[in-house]
Amino acid sequence: MVKLQYKFKNNKIISLEPTKIIVFSFAAVIFWGALLLTLPIASNPGQPPVSFLTALFTATSATCVTGLVVVDTATQWNVFGRTVIILLIQIGGLGFVTIATFFSVLLGRKVGIKGRILAQESLNHFSSEGVLRLIQKVISVTFIVEFFGAVIFSTRLIPYAIANKRSVAEGIYMSVFQSISAFCNAGFDLVGKYRSLTVFNDDPIVLLTTALLIIIGGLGFMVWKDLYEYRVNKKLLIHTKVVLVFTALLLLFGTLSVFIFEYNNPATLGKLSITNKLLNAFFQSVSLRTAGFNSIDILPMKEITKVGNVILMFIGAAPGSTGGGVKVTTFGIIIAAIISQMRGSDDTIIFKHKVSHNTVNKSLTIIGLSLILVITVTTIILVAEANRFYFIDTLYEATSAFGTVGLSSFGTPNLQSSTSRIAIIITMFLGRVGPLSFALTLSLRNIKKNEDQIYPEGKIIVG
């Protein structure tokens, strides 16, 4: 594994792996964002400054592009506070290393091999070759997509702002905020009163524009690049095929599950027309892929629907994207491994290509660590909140935090225990940087030494 060395004033050299630097950069951004949000100038007049824990929760949720909040974004924060939040969302969605590298290139500074390796890790790119050009394209496309998203939103949010006795300028700000939040899969909104997009559940322009931005942001930068180059190469990477196929299958599964199970539920889809039922079922399916907006209420959903939601939130988006979860490729590899084993093959085959055992083992590790994290956090919240919430709703909250989704069944502000809120903060952070990456960051073992050791084979019966 590549390590980057840094020399300090005492001439002591320390080695940091790129993964550790990325994890620490996220932590640093969250800390400084929390400090800014605790300032009195960040809160609306009449609203007392928030505690550091509340600011830390909000900064973590924004930087980790989650969307869970303990105070209403539109009510608590003024323009300064909202701008801090949207900057945290943009930095968290693209990655601090990606943005820092982009501005280094923009200012004409030379980016050495260390910077290229960091950028490669930040984007989950296969190679450091050409990564600087990729970063420039990623940032440029991001701003262009967010700009057009804001323009489309303005046709709906400016009239909405005027109708609710807000200014045109605030309508424009809401449009920009919504576009960035949607593209970065963040789930923050300025509608107010924790309503998210439920006031627009009959507006296809708002819902479909938001859904499109979520999908674009959730596919991952590698997929963008591969699709763009398809016109020249006339072929797609296996990675791209896995992302596209399993994303389509999961979107279909989510749409059908919400539509079928909530069809007659008067508190969710029941009162809507057939067209709007399909529209909202599709929107919820998209949003469950780590975005966190909701156009229908979550709490009154049927338990079976929530179970399907939890599965989708746990899987999440694609690697190198603005989304979280265990990632759709991880899920795809596990499914392929199961099918291959059922067919009697020792190799994992997907789209007529063999997947390395190391990749399969890594996928199993990610799934295992993630399950342990979600179950542990669910248990902590149940205990800390003295069983005030149903298990499925608590599991929903924990999975939403891990998948950086931002949807809440019982309402995150209803968490009364500081222990619960701290557990959610940690879960959002681990969900964004990845449980395996964080485990590697904390690992103190000498990997090379372990590889050199020879162990006898152990026979264990399974199944």
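Residues numbered from 1 in each chain as written. Predicted model: local features only at pLDDT ≥ 70, side-chain atom pairs only at ≥ 80, totals over all residues. Heavy atoms only, no water.

**Structural notes on the overall build of the protein chain**
Regarding its fold elements, the protein chain presents 19 helices and four strands. When burial is assessed residue by residue, the protein chain has 54% of its 463 residues classed as buried. At a minimum sequence separation of 6, the contacts of the protein chain that also span at least 24 residues come to 69%. Accessible surface, the protein chain: about 22,000 Å² in total, of which carbon and sulfur atoms supply 65%. (Helix = DSSP H or I, 4+ residues; strand = E, 2+ residues; numbered from the N terminus. Buried < 20%, exposed > 50% of the residue type's maximum accessible area, 1.4 Å probe, protein only. Contact = heavy atoms within 4.5 Å. Areas by Shrake-Rupley, 256 points an atom, 1.4 Å probe, with all protein chains shown as cover.)

**Some details on the nonpolar core**
Ranked by internal contacts, the top residues of the largest apolar core, which has 112 residues, are Ile85, Ile89, Phe188, Leu197, Ile424, Met428 and Phe429. In terms of residue count, the dominant contributor to this core is helix α7 (residues 131-163) (nine residues). Non-local contacts of Ile89, meaning those with residues more than four positions away in its chain, are made with Ala62, Val65, Ile180, Ser181, Cys184, Ala186 and Phe188. (Core = buried A, V, L, I, M, F, W, Y, C linked by side-chain atoms within 4.5 Å.)

**Here we look at the side chain of Ser285**
Examined against the element boundaries, Ser285 turns out to sit in helix α12 (residues 274-287). On the accessibility criterion, Ser285 (0% relative accessible area) is buried. Engagement of the side chain of Ser285 in a polar contact is seen with the backbone oxygen of Leu251, the distance being 2.8 Å. When neighbours within four sequence positions are excluded, Ser285 is seen to be in contact with Leu250, Leu251, Gly254 and Thr255. (Polar contact = N/O pair within 3.5 Å; in protein donor to acceptor, adjacent residues only side chain to side chain.)

**Examining the packing of helix α16 (residues 391-402) against helix α17 (residues 418-433)**
Interhelical geometry of α16 versus α17 gives an angle of 40° and a closest axis separation of 7 Å. Considering the angle they form, α16 stands oblique to α17. In contact with Glu397, Ala398, Ala401 and Phe402 of α16, α17 contributes Ile424, Thr427, Met428 and Gly431. Its residues assigned to classes, the contact of α16 with α17 shows five nonpolar, two polar and one charged. (Axes fitted to C-alpha atoms, helices over the stretch in contact; angles between N-to-C directions. Parallel < 35°, antiparallel > 145°, perpendicular 65-115°, else oblique. Nonpolar A, V, L, I, M, F, W, Y, C, P; charged D, E, K, R; others polar.)

**A short note on the pattern of salt bridges**
A complete count under the given rule lists five salt bridges for this structure. A salt bridge links Asp393 to Lys306, with the nearest nitrogen and oxygen atoms 2.7 Å apart. Here Lys306 lies in helix α13 (residues 303-315) and Asp393 lies in helix α16, a separation of 87 residues in the sequence. Note that Glu385 and Arg388 form a salt bridge whose closest N and O atoms lie 2.7 Å from each other. According to the relative accessible area criterion, Arg388 is partly exposed, its value standing at 38%. (Salt bridge = Lys/Arg side-chain N within 4 Å of Asp/Glu carboxyl O.)

**Comments concerning the confidence of the model for the protein chain**
Confidence in the prediction of the protein chain, expressed as mean pLDDT, is 87, and 84% of residues score 70 or more. Across the protein chain, α12 holds the top mean pLDDT of 97, while strand β2 (residues 13-16) sits lowest at 44. Here residues 444-448 scores under 50 on pLDDT; set against residues more than four positions off or in separate chains, the count is one contact. (pLDDT = per-residue confidence, 0-100.)

**Details of a nonpolar patch on the surface**
Together, Leu252, Phe253, Leu256, Ile260, Phe261, Ile304, Val307 and Ile311 give the surface a local cluster of nonpolar side chains, amounting to about 690 Å² of exposed area. Taken together, the elements giving at least two residues each to the nonpolar patch come down to α11 (238-262) and α13. If you tally residues by element for the nonpolar patch, the top one is α11, at five residues. Summarising the element assignment, Ile311 is placed in helix α13. (Patch = residues over 30% accessible without salt bridge, like charges linked within 9 Å, V, L, I, M, F, W, Y side chains within 5 Å.)

**Thoughts on the packing of aromatic side chains**
The full count for this structure, using the stated rule, is 11 aromatic pairs. Relative to Phe331, the ring of Phe246 lies with its centre 6.0 Å away and its plane at 90°, an arrangement referred to as edge-to-face. Residue Phe246 is found in helix α11, and its partner Phe331 is found in helix α14 (residues 328-342); the two are separated by 85 residues along the sequence. Measuring from ring centre to ring centre gives 5.6 Å for Phe314 and Phe402, while their planes differ by 35°; the resulting arrangement is tilted. (Phe/Tyr/Trp six-rings, centres within 6.5 Å; stacked < 30°, edge-to-face > 60°.)

**Remarks on the packing of helix α15 (residues 357-384) against α17**
Orientation of α15 relative to α17, taken along the N-to-C sense of each, is 165°, at an axis distance of 9 Å. Taken together, the axis directions place α15 and α17 in an arrangement best described as roughly antiparallel. Viewed along their axes, α15 and α17 form a crossing whose handedness is left-handed. Residue-level inspection shows Leu373, Val377, Ile380, Ile381 and Ala384 of α15 in contact with α17, the latter providing Thr419, Ser420, Ala423, Ile424, Thr427 and Leu430. (Left-handed = near helix turned anticlockwise from the far one by under 90°.)

**Considering empty space enclosed by the protein**
Evaluation of the coordinates by the stated rule reveals two cavities of 30 Å³ or more. Estimates place the volume of the largest cavity at around 90 Å³. Along its surface, the largest cavity is lined by Asn185, Ile214, Ile215, Gly218, Leu219, Thr247, Leu251, Val286, Arg289 and Ala317. Among the secondary structure elements, those contributing two or more residues to the lining of the largest cavity are α9 (204-219) and α11. (1 Å grid on protein atoms, 1.4 Å probe; cavity = no way out; pocket = protein on both sides within 12 Å on 5 of 7 lines; lining within 4 Å. Points joined across faces, edges and corners; volume = space filled by probe spheres on them.)

**Looking at the environment of Ile380**
Examined against the element boundaries, Ile380 turns out to sit in helix α15. Considering only alpha carbons, one finds Ile380 and Ile424, 44 residues apart in sequence, at a separation of 9.9 Å. Residues in contact with Ile380, not counting those within four places in the same chain, are Thr419 and Ala423.

**Quick word on unusual backbone geometry**
Positive phi outside glycine occurs at Val65, with the angle close to 40°. Position of Val65 among the secondary structure elements: in the loop between α2 (52-63) and α3 (73-76). According to the relative accessible area criterion, Val65 is buried, its value standing at 0%. Positioned with a positive phi, Thr290 is a non-glycine residue whose angle comes to about 90°. Looking at where Thr290 falls in the secondary structure, it is placed in the loop between α12 and α13. Classification of Thr290 as buried rests on a relative accessible area of 0%.

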